[in-house]
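These are the residues of each chain, in order.
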Amino acid sequence: MKTVIMAGGKGTRIASVTNGVPKPMIKIDGMPVLEREIYCLRDQGFTDIIITVGYKKEHIINYFGNGSKISPATGKTFGVSIAYFIEKTPLGNAGALFQLKEELKEDFLLLNADAVFEINFNRMVKYHREKGGLVTLFTHPNSHPYDSGLIISSDDGTVKKWLAKEDERPQYYKNRVNAGLHVISPKILDMDVNTEKVDLDRQILKPLAGTGKMFCYDSPEYVKDMGTPERYYSVIKDFKMGRVASKNLRNKQKAIFLDRDGVINKYVGFLRSIDNFELIPDVARAIKKINESGYLTIVVTNQPVVARGEVSFDELEEIHNKMETLLGLEGAYLDGIYYCPHHPVGGFEGEIKELKVDCDCRKPKSGMLLKAAEDFNIDLSQSWMVGDSENDIKAGNNARCRTALLVGEGTDSKRGADFGQDAIAESLDDFVNNELK
């Protein structure tokens, strides 16, 4: 499979740290960002690369050559085959694709050259082929969804809406952002585009939303653009801490599993109305610390109100959208949300009969944790289940996680309760400060 890397931009927002080189050649720990991208691709078998260049192109071409040169950073050959497309005049971030149409006869990867990433691309390509769409977007949550474009999708990953930053967005939304990494069918190059400059997002991808031909590939793996000096220095910190390489899903992950009611939001009994959803003070700060620690943050929650007919699936989704929106406004995010809609006891007016079952996902059973472990390659023995009830602790113990019981004000447990947990804390913030030092 060919890979096209777009490396023609000027990087005006980060000019203060580029030292006169194009943005893809900014160094992270002595090695240009673009070189790190190439090694990530090469090590997974993606060695046929086309780089589109424009601004200060000679820096890139002279450094990499055709891919057989010796790297100044490693002293070894780059180990790939590189061809270049030179934009003599600016073509936008997709115009070059139409110029390369004859070379792109099969599905290809399309990547930005100004991002640091560590991605299992073979996993993404497998997903793309299973879905059979024209485009697969790499999507993930981030710490600033309020100033990012948003992707709205169905449960099966089909993209329903593409909301650019300038578009009006709903009051509450899922924190799902396009990371600028794509698997694309050459069929999209048959589109009738009448402008020399082509905007990939607005002219090519956004019109595919709602057609059933574009899908999200959700992943917690590491992707960060370096559009600003602040983000650049954040990437440097993450690299030095080992967070970049460790997030590749080829590697075993560790997670903090969180119950919802009484752990993230104030406990009000069965939460049936979105108006009653309110974050616990300092919980966003705690989750942000988990995000920064290298652990995945995954919610696992029993929601019997669905089976009882008191909350619809759409209403529950909106409650969770509110949770993600409020957390995002404070720079925190969730890597996944798993919920059990079942309830084994019948006799409720308006109940949904097909959901009144004894399932494997309802805590204290460990089905939700096991499913997340399968989805994200999680080592459960290195993970935690944090909750405020006996069922939470039993679910964690059944999954062979470490467990922590929250016993502070507003939780469902009392001080002194012993359900076989490994730790006790007053709140999620207290747990993070004590256990994730």
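For the structure, see preceding data.
What counts as what
- Residues numbered from 1 in each chain as written.
- Predicted model: local features only at pLDDT ≥ 70, side-chain atom pairs only at ≥ 80, totals over all residues.
- Heavy atoms only, no water.
- Helix = DSSP H or I, 4+ residues; strand = E, 2+ residues; numbered from the N terminus.
- 1 Å grid on protein atoms, 1.4 Å probe; cavity = no way out; pocket = protein on both sides within 12 Å on 5 of 7 lines; lining within 4 Å.
- Points joined across faces, edges and corners; volume = space filled by probe spheres on them.
- Nonpolar A, V, L, I, M, F, W, Y, C, P; charged D, E, K, R; others polar.
- Polar contact = N/O pair within 3.5 Å; in protein donor to acceptor, adjacent residues only side chain to side chain.
- Contact = heavy atoms within 4.5 Å.
- Buried < 20%, exposed > 50% of the residue type's maximum accessible area, 1.4 Å probe, protein only.
- Arc of directions from axis to C-beta.
- Pairing = 2+ DSSP bridges.
- Axes fitted to C-alpha atoms, helices over the stretch in contact; angles between N-to-C directions.
- Core = buried A, V, L, I, M, F, W, Y, C linked by side-chain atoms within 4.5 Å.

Q: Help me out: how do you make sense of unusual backbone geometry in this one?
A: Cis geometry is adopted by the peptide bond preceding Pro-364, which originates at Lys-363 and carries an omega value of 25°. Within the secondary structure layout, Pro-364 lies in the loop between strand E16 (336-340) and helix H12 (367-376). A positive phi angle, close to 55°, is found at Asp-29, a residue other than glycine. Following the sequence through the fold, Asp-29 ends up in the loop between strand E2 (27-28) and strand E3 (31-32). The residue Asp-282 is not glycine, and still its phi comes out positive at about 75°.

Q: Please clarify how the layout of surface pockets should be interpreted in this entry.
A: In this approach, a probe sized like a water molecule rolls over the atoms, and the result shows the empty space that is left. There is about 1,400 Å³ of room inside the second largest pocket. Considering the residues around the second largest pocket, the lining is formed by 39 residues, among which Asp-155, Lys-174, Arg-176, Asp-218 and Ile-337 are closest to the centre. If you list the elements that add at least two residues to the lining of the second largest pocket, you get helix H5 (121-131), strand E8 (135-140), strand E12 (214-218), helix H11 (313-329), E16 and H12. With seven residues, H11 is the largest single contributor of residues to the lining of the second largest pocket. Tallied by class, the residues present in the lining of the second largest pocket amount to twelve nonpolar, ten polar and 17 charged.

Q: Explain the side chain of Asp-392 here, please?
A: Examined against the element boundaries, Asp-392 turns out to sit in helix H13 (residues 390-398). Side chain to side chain, Asp-392 and Ser-389 meet in a polar contact 3.1 Å long. Among residues more than four places away in sequence, those in contact with Asp-392 are Asp-259, Lys-363, Met-385 and Gly-387.

Q: I'm lost on H12 in this one. Help?
A: For an α-helix, the turn length of 3.6 residues means that residues three or four places apart are oriented alike. Among the residues making up H12, those that are buried are Met-368, Leu-369, Ala-372, Ala-373 and Phe-376. Seen end-on, H12 carries its buried residues on one side only, within an arc spanning 140°. Elements in contact with the buried residues of H12: strand E14 (255-258), strand E15 (296-302), E16, strand E17 (384-387) and H13. One or two residues past the end of H12 sits Asn-377, with phi positive at roughly 55°.

Q: Looking at this model, I keep getting lost on the sheet that holds strand E1 (residues 2-7). Mind explaining?
A: In any sheet, the strands associate via hydrogen bonds between backbone groups, in a parallel or an antiparallel arrangement. The strand order across the open sheet built from seven strands is E5-E4-E1-E6-E11-E8-E12, with neighbouring strands paired in mixed fashion. The sheet is open, and its two edges are formed by strand E5 (81-86) and E12, each paired on a single side. Taken pair by pair, the neighbouring strands of this sheet meet at an average axis angle of 25°, ignoring direction. Taken together, the four bridges between strand E6 (residues 108-112) and strand E11 (residues 177-184) define a ladder with antiparallel strand orientation. Note on E11: the bridge partner recorded for Phe-108 is Ile-184.

Q: I tried to follow the nonpolar core on my own but got confused; where do I start?
A: Nonpolar side chains tend toward joint burial in soluble globular proteins. In terms of nonpolar packing, the biggest core is built from 36 residues, with Ile-38, Ile-51, Phe-64, Phe-117 and Phe-121 touching the most fellow members. Residue contributions to this core peak at five residues, all from helix H2 (residues 33-42). Among residues more than four places away in sequence, those in contact with Ile-38 are Ile-5, Ile-49, Ile-51, Phe-64, Val-80 and Ile-82.

By themselves, these figures tell us nothing about what the structure is for.
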